[in-house]
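Coordinate inspection notes
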Amino acid sequence: MVEEDRNAGFTGNLRALPPWGFPGVTPCDACGAAGGWAGLQYPCVDLSDLQERKALENPGRQVNFEEFSRLRELVRPFAPDWARLEPGADFGPPTGTGSGTFGDLFMQNPWSLYIRREALERLQDAGIQGLSGCPLNVRFLGKNPPALLAMQLELHGRLHIDRVPPGDRPACPTCGMLRHELPHPLILDVQSMPVPLDLFRIYDLPTFIVATERMVDSVKQFSLRGIRFSELATRQGSSVSVT
């Protein structure tokens with residue numbers, strides 16, 4: 001999994017927010033689930049042509065599930081086919097100010113990944129798949145501002161949950177919220193892994209970003225700084241491995 005390298009010595013900080021986002025939802029009448037998701041970030045989705053975009057400019061509020069469903073259908077034509085459109089999802093490039101020094105890759109928080117344009121191009125030239133980003137709408141303080149891109153990562157891969165196949169996980173019939181405890185430690189179901197993507201978010205838990213060994217090797221080969229990698233267990237059938 002991808003994590004911030006806190007020992008790299010960089011001081012970068014973004015005081016920036018996306019221009020649009022889904023509100024959270026009030027407690028579901030059927031299951032009681034409420035709030036919103038973190039990690040569903042679509043910085044390359046432009047909603048400036050959406051007539052009702054102002055309804056998405058105050059994502060901190062909460063609405064009932066019926067109103068959220070209406071907003072979701074308005075946004076759907078603008079979003080990628082693979083996107084999870086859940087309460088709390090963000091849209092558009094982060095907007096605001098930035099300061100400090102930034103590595104080749106940068107994480108403002110555990111689920112927000114940014115990359116310098118030149119690093120993105122080097123990885124793409126090396127054949128790394130799944131890299132997509134867009135420029136920030138950020139004014140950097142100081143000289144030589146970095147050409148940072150906000151990464152828009154696809155959602156793939158399901159968590160392995162004992163005795164519960166991915167297609168049979170119980171979901172609320174009203175709001176669709178999955179009802180199961182997350183495994184500890186996290187184990188990724190090998191059969192659900194995307195091919196040939198080398199960087200993606202876990203579908204069940206989008207705050208976690210996963211890199212393949214090929215991505216890890218390329219980052220090390222090019223001496224790209226700012227992130228580190230930790231191992232994630234995978235399972236296929238009764239066997240368990242670590243990648």
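Residues numbered from 1 in each chain as written. Predicted model: local features only at pLDDT ≥ 70, side-chain atom pairs only at ≥ 80, totals over all residues. Heavy atoms only, no water.

**So, the pattern of salt bridges**
Evaluated as defined, the whole model comprises 10 salt bridges. Notably, a salt bridge pairs E4 with R6, separated by 3.7 Å at the nearest N-O pair. Classification of E4 as partly exposed rests on a relative accessible area of 38%. The closest approach of N and O atoms between R158 and D204, which form a salt bridge, is 2.7 Å. Of this pair, R158 sits in the loop between β14 (155-156) and β15 (187-189) while D204 sits in the loop between β16 (199-202) and β17 (209-211), and the two are 46 residues apart along the sequence. We classify R158 as buried; its relative accessible area is 19%. Relative accessible area serves as the criterion here: at 7%, D204 is assigned to the buried category. What emerges from the salt-bridge pattern is a single network uniting E52, E67 and R70. (Salt bridge = Lys/Arg side-chain N within 4 Å of Asp/Glu carboxyl O. Buried < 20%, exposed > 50% of the residue type's maximum accessible area, 1.4 Å probe, protein only. Helix = DSSP H or I, 4+ residues; strand = E, 2+ residues; numbered from the N terminus.)

**What to know about unusual backbone geometry**
Non-glycine residue N144 carries a positive phi angle of around 50°. Note that N144 resides in the loop between β12 (137-140) and β13 (148-151). Using a relative accessible area of 73% as the deciding quantity, one classes N144 as exposed. Although it is not a glycine, S223 sits at a positive phi angle of roughly 55°. Counting through the fold element by element, S223 comes out in the loop between α3 (213-221) and β18 (227-229). The class of S223 is exposed, set by a relative accessible area of 53%.

**Considering helix α2 (residues 117-125)**
Turning to α2, its buried residues are A119, L120 and L123. Relative to the axis of α2, the buried residues are bounded by an arc of 100° and lie together on one face. Note on α2: the residue one or two positions beyond its end, G127, has a positive phi of about 90°. (Arc of directions from axis to C-beta.)

**Some points on the sheet that holds strand β8 (residues 95-99)**
Spatially, three strands are ordered β2-β8-β12 in an open sheet, and the strand pairing comes out mixed. A single partner strand is all that each edge strand has here, and the edge strands are β2 (13-17) and β12. Ignoring strand direction, the axes of neighbouring strands in this sheet form an average angle of 20°. Where β2 lies against β8, five bridges are found, and the strand directions are antiparallel. When the sheet's bridge partners are listed, L14 is paired in β8 with G98. (Pairing = 2+ DSSP bridges. Axes fitted to C-alpha atoms, helices over the stretch in contact; angles between N-to-C directions.)

Keep in mind these numbers describe shape, not what the thing actually does.
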